[in-house]
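What follows is each chain in one-letter form.
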Amino acid sequence: MPTDDASLARARRILTQRLESLSRAGVMQIGKLPPPVEGLKAAISNQSLAGQAGSLPHVPPPPTLRKEPDMPRAKAVPVGPAAGSLLRQPYPPNVEGKDARTVALDLINSGEVKGCKLCRELAAYRTQTVFGVGAVTPRVVLFGEAPGADEDKQGEPFVGRAGQLLNKIIEACTWKREEVYILNTLKCRPPDNRPPEPHELANCRPFWERQLEILQPDYIVCLGTHAAQSLLETGEAIGRLRSKFFTYRGSKVIATYHPSYLLRSPDAKKLVWDDMQMLLKDMGVEIPKKAS
Ligand code: URA
């Protein structure tokens, strides 16, 4: 089977076009992604056979469009020597050293988010979009509100003061920042850090919905009112949403106070720690004695 650069580039182009056309057709979710190495091998092999036979090139079937309802979910990592990592099994690396989830996320980011002008005010105001960062096979996703000045400058969520506090929460849970995935309800910084407008939340929703569909985390932590209300599609106050579990498309969800709120109201840190302890217990992670 030929595996030269031209064939690989061609196979990659076909997969890219397929994903882009699904996106143009309004497909907002993809279910279980095919193993990338096999998908690429099939594309390369079919391309070369089709070329010999002079027939139309065969394109491998697209990823399933819906999540299978009984898709096996990762078990809680048991406490013990093997419990070191929060990461689930990575997808096999593909030929360019990127796994299928990374490729799919990159396509959304570079193909759609970076140039998005759906919210005219935000697009004019932003320095850059802030897509999301972290492990692509995370057990835990942290879902915030919107980029602030620091995030707008650096292109990464939660890198300012609220981000430093979030890092402390992550450490208190015995995790590493690079083991979780962090994203926001909005990809652009609202002017003067005002709260997101309903139409902005609606415009950005398909992006984070598709990110979550690709990431398939076991747990999602909604940080603050806007994240919790958007994800759970409710108008309920954060104080009433915290301290219980919800589900979102197969992921368990908790809501807690936003780190920016904790900067203004440090007394609420205790409540956030209670929420995180509830999450850790459910994950089967040994609960650290003290939060920092
Ligand atoms: N607040 C958020 O909600 N998200 C960020 O990325 C930074 C601050």
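Refer to the structure above for everything that follows.
A brief report on the enclosed structure follows. (Residues numbered from 1 in each chain as written. Predicted model: local features only at pLDDT ≥ 70, side-chain atom pairs only at ≥ 80, totals over all residues. Heavy atoms only, no water.)

### Brief notes about the environment of Leu279
Rule in force here: Secondary structure counts use DSSP, requiring at least four H or I residues in a row for a helix and at least two E residues in a row for a strand, with both numbered from the N terminus. Classification of residues uses two cut-offs on accessible area relative to the type maximum, computed with a 1.4 Å probe and protein chains only: under 20% is buried, over 50% is exposed, and between them is partly exposed. Residue contacts are defined here by distance: any two heavy atoms, one from each residue, within 4.5 Å place the two residues in contact.
Structurally, Leu279 can be placed in helix 11 (residues 269-283). Judged by relative accessible area, which is 0%, Leu279 ranks as buried. Put simply, Leu279 and Lys244 are 35 residues apart on the chain and 9.3 Å apart in space, counted from C-alpha to C-alpha. In this view, Leu279 contacts Trp175, Tyr219, Val221, Phe245 and Ile254; residues no more than four positions away in its chain are not counted.

### Regarding the state of the cysteines
Test applied: Any two cysteine sulfur atoms lying within 2.5 Å of each other are counted as a disulfide.
For the coordinates displayed, the defined rule picks out zero disulfides. With no disulfide of its own, Cys204 lies closest to Cys188 among cysteine sulfurs, the gap being 6.2 Å. Residue classification places Cys204 among the buried residues on the basis of a relative accessible area of 10%.

### Here we look at the site of the ligand
Quick reminder of the rule: We call a residue near a molecule or strand as soon as one heavy atom of that residue lies within 4 Å of the molecule or strand. By the criterion applied in these results, polar contacts are pairs of N or O atoms within 3.5 Å in which, for protein atoms, one can donate a hydrogen and the other can accept it, and in which residues neighboring in sequence qualify only through two side-chain atoms. Each accessible area is a Shrake-Rupley result for a 1.4 Å probe, and residues are judged covered by the shown protein chains and nothing else. Each residue gets one label: Ala, Val, Leu, Ile, Met, Phe, Trp, Tyr, Cys and Pro are nonpolar, Asp, Glu, Lys and Arg are charged, and the others, such as Gly, are polar.
Inspection of the region around the ligand gives Gly144, Glu145, Ala146, Glu151, Pro157, Phe158, Asn184 and His258 as its neighbouring residues. Between the ligand and Phe158 there is a distance of 2.9 Å, counted from an oxygen atom to a backbone nitrogen or oxygen. Between the ligand and Asn184 there is a distance of 2.8 Å, counted from a nitrogen atom to a side-chain nitrogen or oxygen. Isolated, the ligand exposes 240 Å² of accessible area, and the fraction of that covered by the protein chains is 93%. Considering only residue class, the shell around the ligand consists of three nonpolar, three polar and two charged.

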